[in-house]
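Here is how the chains run, residue by residue.
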Amino acid sequence: MYQNNSYDHLYSVKALKEQIPSLAETCKQCAAFYLPARNKSIPKYDVILGKQHEEALMHFLEEKLGTAVVRADLENRSYPDCKVLRDDGSVAAYFELKFHGAPFISALSLTGRYCYEGSATLDHKKIEKQLQLMEEGMDAPVFYVHWLEYPCLKGIFFETSQQVKAYLASQHAVFSRAKREGDLQKSKQAVYLKKMYSPLLSMGSFESFLETLKQCIQSKEA
């Protein structure tokens, strides 16, 4: 679905079901669970779950890279979630982590995209703010990391800020979702209804992300 797939010859969900044993049953169970549950999200638990994944990834990267990985959004809430530091304390890279536990079941009918490749969301307004900060002179490259935990597909993938900027400018698959019950528990500023759905098959793998971060650490010009 990721390694043996491309936008030149994109597999439809129907075609994938014909090739992957048990996928049809997985899709059936997925739709039955996530369609009614999607509107029941409780924000405080979503935040806790997101922080847990951030901490797990930060700890893993520290071990693999041999350097400090800390929160970046404490100094500025509009900054990406985390930053990777060099030994001298300078910033090698920033990254925003998005955890996606539920695929966008209705993606095909609402955005024209297949759910498995078009469910990784970014908040349109938040990304615009971050891109503006980059243009004003952030001191390191920024990456957007997507941790996918769908019933059919799991993994960690990434895209560069340049990819996100280009995709945002082209207005691909921007979708304004309806308000949900959980939104009533948030402040107005914390509710992002306008979403951008990043293209999974244009993203790099987690292995590529590690190598990219290593290069950023080694290069003062990255």
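This is a predicted model, so every value here is computed, not measured.

Conventions we followed
- Residues numbered from 1 in each chain as written.
- Predicted model: local features only at pLDDT ≥ 70, side-chain atom pairs only at ≥ 80, totals over all residues.
- Heavy atoms only, no water.
- Helix = DSSP H or I, 4+ residues; strand = E, 2+ residues; numbered from the N terminus.
- Buried < 20%, exposed > 50% of the residue type's maximum accessible area, 1.4 Å probe, protein only.
- Areas by Shrake-Rupley, 256 points an atom, 1.4 Å probe, with all protein chains shown as cover.
- Phe/Tyr/Trp six-rings, centres within 6.5 Å; stacked < 30°, edge-to-face > 60°.
- Patch = residues over 30% accessible without salt bridge, like charges linked within 9 Å, V, L, I, M, F, W, Y side chains within 5 Å.
- Salt bridge = Lys/Arg side-chain N within 4 Å of Asp/Glu carboxyl O.

## Some remarks on the overall build of the protein chain
Alright, step 1. A tally of helices and strands in the protein chain yields 7 helices and 9 strands.
Alright, step 2. Within the span of the protein chain, comprising 222 residues, buried residues form 44% of the whole.
Alright, step 3. Carbon and sulfur atoms make up 52% of the accessible area of the protein chain, which amounts to about 12100 Å² in all.

## Examining the packing of aromatic side chains
Alright, step 1. For the structure shown, the criterion picks out 12 aromatic pairs.
Alright, step 2. Centre to centre, the rings of Phe33 and Tyr34 are 4.8 Å apart; their planes meet at 90°, and the pair counts as edge-to-face.
Alright, step 3. Seen in terms of ring centroids, Phe60 and Phe206 are 5.8 Å apart; in terms of plane orientation they differ by 40°. Their pairing is tilted. Placement of the pair is Phe60 in helix H3 (residues 43-65) and Phe206 in helix H7 (residues 206-218), with a sequence separation of 146 residues.
Alright, step 4. We classify Phe60 as partly exposed; its relative accessible area is 32%.

## A closer look at a nonpolar patch on the surface
Alright, step 1. On the surface, a nonpolar cluster with roughly 280 Å² of combined accessible area is contributed by Ile42, Tyr45 and Ile48.
Alright, step 2. When its relative accessible area of 34% is taken as the criterion, Ile42 is described as partly exposed.

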